[in-house]
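Architecture at a glance
Spelled out from the first residue to the last, the chains are:
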Amino acid sequence: MKLKTLALAASVAVASISMVGVAHARDQIQIVGSSTVFPFSTKVAEEFGRSTKFKTPVVESTGSGGGMKLFCSGVGMEHPDITNASRRIKSREFKKCTENGITITEVKVGYDGIVLGNAKSGPDFFLTTKDIFLALAKDIPDGKGGLIANPHKTWADVNKNLPTTKIEVLGPPPTSGTRDAFVELAMEKGAKQFPELKALKKSDKRAFKVVAHSIREDGAFIEAGENDNLIVQKLIANPNAVGIFGFSFLDQNADKIKGAIVEGNMPSFERIANGDYPISRSLFFYVKKEHVGKVPGIAEFVAAFTSEDAWGPDGYLVDKGLIPLPEADRASMAKQAKALATLAM
Amino acid sequence: MSERTKQRYAAERRFRLYGLAAIGAAVLVLATLVTSIGIVGMPAFFQTYIKLDVTVDAADVESGRFRQLTFDAVYAFHPEVTDRREKKRLRGIVSSGADREIRLAVADDPSLIGTTFPIWVRSSDDIDIFIKGQVSRDLPQEDRRVKDNEIAWVDGLVEQGRVETRFNFSFFSTGDSREPEQAGIWGAVVGSFFTLCVALAVSFPLGVLAAIYLEEYAPQNRWTDLIEVNINNLAAVPSIVFGLLGLAMFLNFFGMPRSAPVVGGMVLALMTLPTIIIATRAALKAVPPSIREAALGIGASELQVVTHHVVPLAMPGILTGTIIGMAQALGETAPLLMIGMVAFIVDIPQGIFDPSTVLPVQIYIWADSPERAFVAKTSAAILVLLTFLVCMNAIAVMLRKRFERRW
């Protein structure tokens, strides 16, 4: 009797394996990519699935780089149709896509602010990008043309107008897109304000990048994982710490956390939207044109994402924390998206 | 009593005490963990509902204007609100899925068409959290997501008895959603179920047959030693490696669908195979040789010895090993990332080829979401996962108790 059961189980297993060998057609859009765009992409997917006859697209959170890799690996039903990115496609990735016979439509969907925040009970911070660089860079100029290991222990060491608390910054690890953007937007801007580093950028771009992008490793900067919620929790527990995270997490936790004012601008919806707040980046998604018409609903999904109901200032994505493009940009971008304009690089 | 004997007794007592202290510490840690998750997660099992008076005409049903109907019903509470932004706030009191609830109610009972009827719909997540007392009224307005006028509106509704907190049944019957108040765990539970079914169907027969061969038939030589070492090694390989293998083999080579439980199940089966093989071999080894000899002695064939005597006697051990392996697989996310099961999926999977996600992935996605209400959902999902794990381990204990034989 036992033997029969075993044989039955084995045959079920074999049957299930052999069944999948058959190539499959897909009637569901597959989206991969950035975890920053994920909350917006999923919201559109849900609304799209609910309001049209198409199936709800499947959205994976793989990170911008991981998404590009999957997206550019080829044309065919086993490859995703759309990838989200919290940065622009790199020329290397674009080349790989082209080599694999993929033509792309690029859609810029909005902005995301990166916030330095601390607990409500902690001190107020008024920072410049120079302060941020001086507080967090691994090496800083010594004023004599050379570099020294960052000696700053407290914020007041960096700039005497800042609080006297110890520098303790919780931020994302190097694998995160937020970290990439933070380093590029805040640290690099700060580094460029030193004449010697500015000169270095002209003469040796790579050496400049090493200086501008290296975050100190002596304990003042703590890698707190990719989960922004976790960073927020830790800030509430430790009022002296400052955290680096996405604007939507500040928006949701405004009762417990406040954002540092950077270059005289507080991180608010309006100031990120009009470009005053300096640490903000663009969010994108990329469409595989070869799949339009093969997988039902792609063109309709792109239209839904770029409709005013979704990404407009009163749209449902704003409720989820997206910072919309200016009106004129939205109009031209929506037109481009509708026409599925091919990206050239 | 001599001094030395006394010392030995004291040492004995101390040793016992150490053990007791160790258990005590473990229980304390576990209790703290479960209680804190329970306290955080409890609100997710309840949901605030708001009573609307909706008027539905036949024409509305025809054109499907349920969204507008919902808005109109909410606007009716405060006709004095005319500003566009304020109106948006006002209608934001109820969930964006409220129109669907009304549509379903009308579809259920067509006699409602042409009448004005009361209906309880979900509140939005911000209002839900506010009603549950997780947002303080004393904070300055700009620090709250629920603004002063919203508080006034909601207080008015509470006075009229239009606000109620009920048990959130749909948490156990719907799939994921980006709106915390509409999100449910059922999609992930079904996905986990399909994935584990596939994992079990693949790993159990393979594992048991491999173990029987190795234990009962295989000659003792260098090859079997090599295989044994490798199986033990596999048990310690980080699980993401199995995910990479799954991506390379099942997706890229065999062209199986992404995000499907069938692939997830096979990847997890590879992961649990070593556990099952090792447990089965241990169980087979524990069957006394006298049983085999007696059976052979009265003329049973080797096949009969194994299938009639050895395997049935080893079954409790085999099943325990399998269930523990499955429980491990239930909690795994890393290998599933590679094959696309870390995904946002709204539809409840209907079979092993439909895109789906699993419980631990659902926890991960919710834990990563900015909306405050997902904090409670995350803990609630952890409670559900823990319940499943406890059940599976309880079944393992029960099976062992029931079929265990002592010699």
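**A few points about the nonpolar core**
Grouped together as the largest cluster of nonpolar side chains are 139 residues, with contacts concentrated most on Leu116(A), Ile132(A) and Phe182(A). Contact partners of Ile132(A), with chain neighbours within four places excluded, come to Leu116(A), Leu127(A), Ala137(A), Phe182(A), Ala186(A), Met187(A), Val262(A) and Ile279(A). Judged by nonpolar contacts, the second largest core, of 32 residues, contains Ile50(B), Phe71(B), Ile93(B) and Phe117(B).

**Considering the state of the cysteines**
Two cysteines joined by a covalent bond between their sulfur atoms form a disulfide. Residue and element names in this part refer to chain A. Considering all chains together, one arrives at 1 disulfide over all chains under this definition. Covalently, Cys72 is tied to Cys97 through a disulfide, its sulfur atoms 2.1 Å apart. Between Cys72 and Cys97 the disulfide shows an S-S torsion of about -80°. By sign, it is left-handed. With Cys72 in the loop between α3 (64-71) and β3 (82-85) and Cys97 in helix α4 (residues 91-99), the pair connects residues that are 25 residues apart, well separated along the chain. Accessibility assignment for this pair places Cys72 and Cys97 in one class, buried.

**Focus: helix α5 (residues 98-108) of chain B**
All names here are of chain B. When α5 is considered as a whole, its buried residues turn out to be Ala98, Asp99, Glu101, Ile102 and Val106. Burial along α5 is one-sided: seen end-on, the buried residues are contained in an arc of 160°. Exposed and facing more than 90 degrees away from the buried side of α5 are Leu104, Ala107 and Asp108. Elements in contact with the buried residues of α5: β1 (46-55), α2 (58-63), α3 (66-75) and β2 (116-122).

**Some thoughts on the side chain of Asp112(A)**
Residue and element names in this part refer to chain A. Tracing the chain through its elements places Asp112 in strand β4 (residues 104-119). The buried category is assigned to Asp112, whose relative accessible area is 5%. Apart from the residues within four sequence positions on either side, Asp112 is in contact with Thr36, Phe247, Ile279, Ser280, Arg281 and Leu283.

**Examining the domain arrangement of chain B**
When the parts of a complex come together, some accessible area is lost, and that lost area is often used as the size of the interface. All names here are of chain B. Domain boundaries assigned for chain B yield domain 1 (3-42), domain 2 (46-167) and domain 3 (186-403). Here the C-alpha centre of domain 3 lies 32 Å away from the C-alpha centre of domain 1. Contacts between the two partners involve 4 residues from domain 1 and, on the opposite side, 6 residues from domain 3. Counting the surface lost from both domain 1 and domain 3, the interface buries some 470 Å², and carbon and sulfur atoms represent 84% of this. Summed over the three residues of domain 1 that lose the most area to domain 3, namely Ile37, Val40 and Gly41, the buried surface amounts to 78% of that side. Here domain 1 is connected to domain 3 by 0 salt bridges. Where domain 1 meets domain 3, there are 0 residue pairs in polar contact (both at pLDDT 80 or more). Among the residues forming the side of domain 1 that touches domain 3, the class breakdown is 2 nonpolar, 2 polar and no charged.

**Considerations on the domain arrangement of chain A**
Residues and elements named next belong to chain A. Each domain of chain A was delimited in the assignment, giving domain 1 (26-111 + 281-339) and domain 2 (113-280). On the domain 2 side, the residues contacting the 10 residues of domain 1 number 13 residues. Regarding the contact of domain 1 and domain 2, the summed buried area is about 880 Å², with carbon and sulfur atoms giving 62% of it. When residues of domain 1 are sorted by the area they lose upon contact with domain 2, Tyr111, Arg281 and Ile323 head the list and together hold 62% of the total. In this structure, the connection of domain 1 to domain 2 is made through 0 salt bridges. Between the two partners, domain 1 and domain 2, sit 1 residue pair in polar contact (both at pLDDT 80 or more).

**So, the environment of Ala334(A)**
Residues and elements named next belong to chain A. Within the secondary structure, Ala334 is located in helix α16 (residues 327-339). Note on Ala334: relative accessible area 18%, which makes it buried. C-alpha of Ala334 to C-alpha of Thr306: the two residues are 28 residues apart in sequence and 5.4 Å apart in space. Excluding its chain neighbours within four sequence positions, the residues that come into contact with Ala334 are Thr306 and Trp311.

**Description of the interface of chain A and chain B**
Every contact between the two is made by 46 residues of chain A and, on the other side, 46 residues of chain B. Between chain A and chain B, a total of about 4,400 Å² is buried, with carbon and sulfur atoms accounting for 53% of that surface. Salt-bridge contacts for Lys320(A) lead to Glu371(B); the nearest nitrogen and oxygen are separated by 2.8 Å. Between chain A and chain B we count 21 residue pairs in polar contact (both at pLDDT 80 or more) in total. Residue assignment for the side of chain A that touches chain B shows that the elements contributing at least two residues are α1 (2-20), α2 (38-51), β2 (58-60), α10 (228-237) and α11 (247-252) of chain A. Looking at the side of chain A that touches chain B element by element, the count peaks at 10 residues for α1(A). Of the residues belonging to the side of chain A that touches chain B, the class tally is 17 nonpolar, 13 polar and 16 charged. In this sheet, strand β4 (residues 343-344) of chain B lies alongside β2(A) in antiparallel orientation, the contact comprising 2 bridges. By the bridge assignment for β4(B), Val59(A) is matched with Phe344(B).

**Description of α3(B)**
For α3(B), a buried count of 7 out of 10 residues is recorded, marking the element as mostly surrounded by other parts of the structure. Among the structural elements, β1, α2, α4 (84-91) and α5 of chain B are those in contact with the buried residues of α3(B).

**Re a nonpolar patch on the surface**
Residue and element names in this part refer to chain B. The grouping of Met42, Phe46, Phe167, Phe169 and Phe172 at the surface amounts to a nonpolar patch, some 490 Å² of accessible area in total. Position of Phe169 among the secondary structure elements: in the loop between β3 (163-167) and α8 (186-217). Phe169 sits in the exposed class, given a relative accessible area of 62%.

**Quick look at the packing of helix α13 (residues 302-330) of chain B against helix α16 (residues 373-403) of chain B**
Residue and element names in this part refer to chain B. Between α13 and α16, the shortest axis-to-axis distance is 8 Å and the interhelical angle comes to 175°. Comparing their axes, α16 and α13 come out roughly antiparallel. For the pair α13 and α16, contact is made by Pro316, Leu319, Thr320, Ile323, Ile324, Met326, Ala327 and Leu330 and by Leu385, Phe388, Leu389, Met392, Asn393, Ile395, Ala396, Leu399, Arg400 and Phe403, respectively. Grouping the constituent residues of the contact of α13 with α16 by class yields 15 nonpolar, 2 polar and 1 charged.

About the criteria used
- Residues numbered from 1 in each chain as written.
- Chains lettered and ligands numbered in written order.
- Predicted model: local features only at pLDDT ≥ 70, side-chain atom pairs only at ≥ 80, totals over all residues.
- Heavy atoms only, no water.
- Core = buried A, V, L, I, M, F, W, Y, C linked by side-chain atoms within 4.5 Å.
- Buried < 20%, exposed > 50% of the residue type's maximum accessible area, 1.4 Å probe, protein only.
- Contact = heavy atoms within 4.5 Å.
- Disulfide = S-S within 2.5 Å.
- Helix = DSSP H or I, 4+ residues; strand = E, 2+ residues; numbered from the N terminus.
- Arc of directions from axis to C-beta.
- Domains from an automatic or database assignment.
- Buried area = accessible area lost by both parts, 1.4 Å probe.
- Salt bridge = Lys/Arg side-chain N within 4 Å of Asp/Glu carboxyl O.
- Polar contact = N/O pair within 3.5 Å; in protein donor to acceptor, adjacent residues only side chain to side chain.
- Nonpolar A, V, L, I, M, F, W, Y, C, P; charged D, E, K, R; others polar.
- Pairing = 2+ DSSP bridges.
- Patch = residues over 30% accessible without salt bridge, like charges linked within 9 Å, V, L, I, M, F, W, Y side chains within 5 Å.
- Areas by Shrake-Rupley, 256 points an atom, 1.4 Å probe, with all protein chains shown as cover.
- Axes fitted to C-alpha atoms, helices over the stretch in contact; angles between N-to-C directions.
- Parallel < 35°, antiparallel > 145°, perpendicular 65-115°, else oblique.

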